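Structural overview
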Amino acid sequence: MSHSFELKSHPDKLLKEHLGNVGRLSREILESKTIDDKEIFAEVAHLIGILHDFGKATTYFQNWLENEKRTQYAQHSFLSSLVGYLVVRNFLSEIQKLGEFWYLPIIAWIVINKHHSNLRDILNEEAEKLKDKNELEIVKEQLSDIFSNNRTEVEEIYRSLGYSDISKTLNEIKNLENVTQQIRKDIKKICKKGFKDDDIKYYFLTLFFYSILLDADKLDASGRWGPPERRAIPSNIVDKYKKVKFGKPKAKLDILRENAYNEITSKVSDIDLIHERIFSINLPTGCGKTLTGLSFALKLRERIKETLGFTPKIIYSLPFLSIIDQNAKIIEDVLRFKYGKYKEIPSNLFLIHHHLADIEYKEIKDGELNIEEFNRSLLLTEGWHSEIVITTFIQLFHSLVTNKNRAARKFHNIANSILILDEIQSIPHKYWLLINRVLKHLASNFNSWIILMTATKPLIFKDGEIKELMIDTEKYFNALNRVVFNFDLEVKNFDEFKNEILNNVLHEDEDILIVLNTINSCKELYEFIKDEIAIFYGIDKKDIKIDEDGIANFPDFELINLSTHILPSYRLKRINRIKDGNMKKRKIIITTQLVEAGVDISADVVYRDFAPLDCIVQTAGRCNRNNEKDKGRVKVIVLRDERQKFHKYIYDSTLINATEDVIEKLGEAIEEKDFVLTSVKKYYEIVVERGSDDDSENLLKSISKLDFSETLEFSLIQEKLPTISIFVEIDDFAERIRKKMEEVLESKKGFERKLDILKIRKEINNYTVQIRYSGKIEDTVFNLNSIHDLEYYKYIKKSELDEYYKIDSGLNLGEELLKYIML
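Presented here is an overview of the structure given in this document. Predicted, not measured: the structure shown is a model, and the values here were computed from it.

Right, let's talk about empty space enclosed by the protein for a bit. In this approach a probe as big as a water molecule rolls over the atoms, and the regions it shows empty are the leftover space. Per the counting criterion, the structure on display carries three cavities of 30 Å³ or more. The volume enclosed by the largest cavity comes to roughly 80 Å³. In this structure, the largest cavity is lined by 13 residues; those nearest its centre are T285, R482, V617, G621 and E672. Looking at the lining of the largest cavity, the elements that each hand over two or more residues are β12 (483–493), α24 (613–620) and α26 (672–690). A breakdown of the residues in the lining of the largest cavity according to their chemical character gives nine nonpolar, two polar and two charged. Computed from the structure, the second largest cavity encloses a volume of approximately 60 Å³. Taken together, S280, I424, L452, T454, K457, P458, I460, F461 and I466 make up the lining of the second largest cavity. In the lining of the second largest cavity, the residues fall into six nonpolar, two polar and one charged.

Structure, rendered in structure tokens:
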């Protein structure tokens, strides 16, 4: 006898349909993975999926859907988690696997309970809810309601989904105190065992099942039947691209790049796919690591497919936004060899994900490139549903060490992947131990492979834990002997340095790059040079020609300022002009560290304010980068203001001291080939010897005992200072975006508001700068207009630009504020 189903999960969807779809999707996602115990895990994932919204069967929830009358009895996750725990436990008991997989029922309880919120401290916060009399009374009322009103339909729903034992579970849960007592017992067991054994297994399994449920739930709620179709990528596509793009190498640097490329990519066939999972590409800057790493990953992907039977996705991660667009363009150019007939590369083939990226998911359907509507585009983009994803370290590592629902959802797409970690030296030393443990676990337990790429290889992994893909690294560093380092460790007053640079600008004819440690020193030097050069040429300050990109033009050179106080869209324009060779004259670039690693620009002379050794070497990679001259010059100086040395404002003293110890044993001038490899190795050995692993150890202890709340302490951004965001109405378009933002904040609520803001997020961020500060901030900032009622989101009107923002140097908040605003 057929049953007429009436219970709903969403206003336009039956509960039966939603539970069935989420269960099916959860099983399919897990079955698509290559992982130990997949058969049992897939069944548990299916059970979690069909039970995650069990609690929506109450009349309280149904009335809320229909009448928007919400009471405490309309909540559904807690009740659903209790039922889910029992069902998974009974399933494992029936197949006589509960002893082996005792941890899966409690993981099911955690995942279902928190599928609409963030994970917390399971032992000390979530377990308390199981003793809360008010919470338990709510559950009893909900169960009574279902028994009285909807038990028949609930049993029919689960019978139709292939699970006929729900009646047994409903009878069992009547003894609620016994159930919650058993759950508390299992919570203590899993948390204490993980902590005692120093085992992060349970943390990652929880994250894995959590991400699967979250993605399946959201995919179905969005109206999609499943994830996008997988796409093939020829493993030799980079080979073909290089042959057409560059031809046969002739110049010395090109030959060196080709040799490195061939040596590394040829290693794929020799790799032990089971035991060799973490690789290192250690080459000098400018040696073509982007194409080499991508080609190696594609060839490795093909070999894994042929040997192990699955095709890993590729996740290319970098530390800085300033180099993501540069590398993304290279990857897009490569992929056009296969997919050039489409106007844009499909998103399920290649996806760019960071806070300035477009939220527009493009997919090939019936031979045409179609764009998903915004909600689904956001869902698929943030879930990393693509063959190749390029993203930031923040996005990647904060999805591996996290308690956040939104970040965790992509974790199952990180499992079974090839991770390319470019500029890995950017990871702070205090997290080396944590990253070591996390990546090794990901590699061995979730069948993933990791490729580390850098010119300054940090000692995150011991020799036996990593396979070097470049055997004779020294050969390449010796051959690319492009610069001479000059170390002047006598402390210089900043005013003295400003005059030194001015003299160089006036009397030399070389391109100069000056990399300073603070935004304020960067601005001060830029304004000084600009004003003094104007006087030299007899130009009135107000007549200095500033072009549309914010670059100051003088008769003999162009003066460029780069810092995070300049709008992101303008920073990118300037970087692109520099690296694309579109500067018609000599260039003088005054910047902070944002061009330090990976940005493909080159100058004849580089000045670098004192910094950790790896930063100095990375900055040197912007000097004579393509071997244009016999030797470039890198001048390392120690600058100070009236209070202290600039490096003390931002760098860890351990790193600075290690750098001083290495440099003081060198002469004032030393060539690149005699310096980089040996000095970097010695520097990292000192850092390891003197540095502390406390932050890593504390986080590892927390995640081993499922204290997810403590993952909030993990932050790749070093400074934890308060921030203020400032939107700048630099043109008419920016003004329209600001008004649209205000309109949304004023008229929309909840998820609808969030969605509409996300639609214009890229534009908002392109016109927003953030300032981090310590101490008092004068009324100047807080007297700026607020966007809507957001106290810490201000804006500068078009009519206020002359007072508060300069197109060439960015925020102009007055001399009095400079000492409070930090890098």
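This is not the end of the story, as more comes after the structure.
Across the sheet, nine strands lie side by side as β14-β15-β16-β17-β13-β18-β19-β12-β20; this open sheet has mixed pairing. The strands lining the two open edges of the sheet, one partner per strand, are β14 (545–546) and β20 (669–671). Bridging between strand β18 (residues 605–609) and strand β19 (residues 632–640) involves five bridges; their strand directions are parallel. Paired with R608 across the bridge in β19 is V636. Along the sheet, helix α23 (residues 568–579) contacts β16 (557–562) and β17 (586–591); its crossing angle with β16, the most-contacted strand, is approximately 140°.

This paragraph deals with the sheet that holds strand β5 (residues 350–353). Pairing is parallel in the open sheet, where seven strands are placed in the order β5-β8-β4-β9-β10-β3-β11. Looking at which strands have only one partner, the edges of the open sheet turn out to be β5 and β11 (467–468). Examined bridge by bridge, strand β4 (residues 313–318) and strand β9 (residues 417–422) share five bridges and lie parallel to one another. Its bridge partner lying in β9, I314 is registered against I418. Packing against the sheet, helix α19 (residues 432–445) makes contact with β3 (278–282), β9 and β10 (449–454), and its axis sits at approximately 155° to β9.

With that settled, the discussion passes to helix α28 (residues 732–747). Count 3.6 residues to each turn of an α-helix, and residues three or four apart come out pointing the same way. In this model, α28 (16 residues) spans 22 Å end to end at C-alpha, consistent with the 22 Å of a helix rising 1.5 Å per residue. Listed as buried for α28 are A734, I737, R738, M741, E742, V744 and L745. All buried residues of α28 fall inside an arc of 160° around its axis, so they share one side. Exposed and oriented more than 90 degrees from the buried face of α28 are R736 and E746. Looking at the packing, one finds that the buried side of α28 touches β21 (723–728), α29 (750–759), α30 (761–766), β23 (785–786) and β24 (793–796).

Conventions adopted
- Per chain, residue numbering runs from 1 following the sequence as it is written.
- Per-residue local features are limited, in this predicted model, to residues with pLDDT of at least 70; the limit for side-chain atom pairs, both in listing and counting, is 80 or more; totals at the level of whole chains, interfaces and linings are taken over all residues.
- Side-chain numbers here rest on the full set of heavy atoms in the structure, without hydrogens or water.
- Buried and open spaces are told apart on a 1 Å grid over the protein atoms alone, a cavity being a set of points where a 1.4 Å probe fits but cannot get out and a pocket being an open set with protein on both sides within 12 Å along at least five of seven lines. Residues with an atom within 4 Å of a point are the lining residues.
- Grid points are joined across faces, edges and corners, and a volume is the space filled by probe spheres set on the points.
- Secondary structure follows DSSP: runs of H or I at least 4 residues long count as helices, runs of E at least 2 residues long count as strands, and numbering of each begins at the N terminus.
- Polarity classes work like this: nonpolar for Ala, Val, Leu, Ile, Met, Phe, Trp, Tyr, Cys and Pro, charged for Asp, Glu, Lys and Arg, and polar for all others, with Gly in that last group.
- Two strands pair under a simple rule: DSSP has to find at least two bridges between them.
- Contacts between residues were defined by any pair of non-hydrogen atoms, one from each residue, lying within 4.5 Å.
- Only the stretch in contact is used when a helix axis is fitted, and all axes are lines through C-alpha atoms; the angle between N-to-C directions ranges over 0 to 180 degrees.
- Any helix carries an expected span of 1.5 Å times its number of residues minus one.
- Only protein chains enter the area calculation, which uses a 1.4 Å probe; residues under 20% of their type maximum are buried, those over 50% are exposed, and those in between are partly exposed.
- Summarising the geometry, the arc corresponds to the directions from the helix axis toward the C-beta atoms.

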